[in-house]
Amino acid sequence: MFSPRLEELTNPNTWINAATQIFFSLGLGFGSLIAFASYNQYNNNFERQAIVVSVINSGTSIFASIVTFAIYGFKATLNYESCLERVRLLLLNAFNLAEDTINMENVYEWIEKLNNTYPEQFAGLADRLETCDLEAELDTAVEGTGLAFIVYSEAIKNMPLSQLWSVLYFFMLLLLGMGSMLGNITAIITPLRDFQVLSRNISSETFNGLVCLFCLLLGLGFTTRSGNYWFTMFNDYGATFSLLFIVLIEVITVSYIYGIRRFEKDIEDMLGHRPNWYWKIMWVLVSPALLIALFVFYIVNYIKGGTPTYQAWDKDLGKSVVTEYPVYGQVFIGLLLVSSVSCIPLTALYAYCRKRERGNRSKQHTVSTISA
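Predicted model, so just to flag it, every value in this text is computed and none were measured.

Visitor: Could you clarify how one ought to interpret the overall build of the protein chain in this entry?
Guide: Secondary structure summary: the protein chain contains 14 helices and two strands in total. On C-alpha atoms alone, the protein chain measures out to a radius of gyration of 28 Å, which is more than a quarter above the 21 Å that the 2.2 N^0.38 rule sets for 372 residues. Projected onto the principal axes, the alpha-carbon positions of the protein chain cover approximately 115 × 45 × 45 Å. Once local pairs closer than 6 in sequence are excluded, the contacts in the protein chain between residues at least 24 apart make up 65%. When the accessible surface of the protein chain is split by element, carbon and sulfur atoms take 64% of a total near 25,400 Å².

Structure (structure tokens):
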């Protein structure tokens, strides 16, 4: 973590993953921040809150990354030492050496020595002799559920007081999931209430319960035997593309369609002062440019990448392997991408039709008034 590979910064996927992580951790593009902000007082100091929330989010992300890298390092070191121990026992048994002859520090010295002394006998061990590499263990990438439920679990079970850490860890995951869902459910309930999708006679408790029940039924599919397969598909393709697109449209709409000057006046009316030059540069230039670049990189990588792939855990190899999606999986991915962003053009079309309809009504009313 503290000696990163700077060449990875030239990889567009690194920045796409970083942007997606920020969207997830801050809740950008999901509608939860807009839903929560709709309950604020008109003169609420949202500028200060935006800075505080961003700083807290960055701080917790750095802290979480330290924990994650520590777990990665612990597991990699444990696997590396276990590999060395297996090689040591293999050499001791194959060449009838004393127990204390070979240790962790001199395994490779003895491999070279025995290879030079007994080349024919050593050649017979080639198919059983493992290559132990700490860097290779550290480079083994695991993400999603593989990181949360396999890598972490393996590391925790080898720690002192493993039962205590296991309870704390999974309790933390439970609270984390509940905390995340509070924002997501609010982002669903608030617009449904505002648009009066259901009758006003339904109480808030009943309405919230129905929404949670519907989400529960949808989530049951992820608990089946193939649940991780569908979860990976939704996680990789149901959020990244749509989040980039939605946040890009939000920034362009506010900065260029609604207008940055009108937006400044609204902020001045609420806070008593206009935003400084830093915010305006970010809204008008930096944020749109970065989002457009990431969006283009994502599409280019998706096209150049060929058949979509995912990481599946192989219990025999004990690691994640890259696997291609079947045809029906690719079709579903296409539908997932389209459905995630279709709300924007459909809503724009609906607003355009409504505006045109109101314009026609206004003309008809004017003509009828003149005739009268």
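Visitor: Looking at this model, I keep getting lost on the environment of phenylalanine 95. Mind explaining?
Guide: Following the sequence through the fold, phenylalanine 95 ends up in helix H3 (residues 46-95). Residue classification places phenylalanine 95 among the buried positions, given a relative accessible area of 12%. Placed 19 residues apart in sequence, phenylalanine 95 and leucine 114 show a C-alpha to C-alpha distance of 8.7 Å. Residues within four places of phenylalanine 95 in sequence aside, it is in contact with Leu114, Tyr118, Gln121, Phe122 and Leu125.

Visitor: Honestly, helix H11 (residues 240-271) in this entry has me stumped. Any pointers?
Guide: Between its first and last C-alpha atoms H11 spans 34 Å; for 32 residues at 1.5 Å apiece the expected length is 46 Å, and the helix comes up short by more than 12%. Of all the bends found along H11, the most pronounced is centred on glycine 259 and spans about 100 degrees. Positive phi shows up at glycine 272, right after H11, with a value of about 90 degrees.

Visitor: Sorry if this is basic, but what is going on with the state of the cysteines here?
Guide: Two cysteines form a disulfide when their sulfur atoms are joined by a covalent bond. The tally for this structure, following the rule as stated, stands at one disulfide. Here cysteine 83 engages in a disulfide with cysteine 132; their sulfurs sit 1.9 Å apart. Taking the sign of the S-S torsion, about -85 degrees here, the bridge from cysteine 83 to cysteine 132 comes out left-handed. Placement of the pair is cysteine 83 in helix H3 and cysteine 132 in the loop between helix H5 (119-123) and helix H6 (134-139), with a sequence separation of 49 residues. Side by side, cysteine 83 and cysteine 132 carry an identical accessibility label, which is buried. A disulfide-free cysteine, cysteine 212 has its sulfur positioned 6.5 Å from the sulfur of cysteine 215, the nearest such atom. Cysteine 212 sits in the partly exposed class, given a relative accessible area of 39%. On the basis of relative accessibility, which here comes to 24%, the residue cysteine 215 falls in the partly exposed class.

Conventions and cut-offs
- Residues numbered from 1 in each chain as written.
- Predicted model: local features only at pLDDT ≥ 70, side-chain atom pairs only at ≥ 80, totals over all residues.
- Heavy atoms only, no water.
- Helix = DSSP H or I, 4+ residues; strand = E, 2+ residues; numbered from the N terminus.
- Rg over C-alpha atoms; globule rule 2.2 N^0.38 Å.
- Contact = heavy atoms within 4.5 Å.
- Areas by Shrake-Rupley, 256 points an atom, 1.4 Å probe, with all protein chains shown as cover.
- Buried < 20%, exposed > 50% of the residue type's maximum accessible area, 1.4 Å probe, protein only.
- Expected span 1.5 Å × (residues − 1).
- Bend = angle between axes of the 7 residues up to and from the residue.
- Disulfide = S-S within 2.5 Å.

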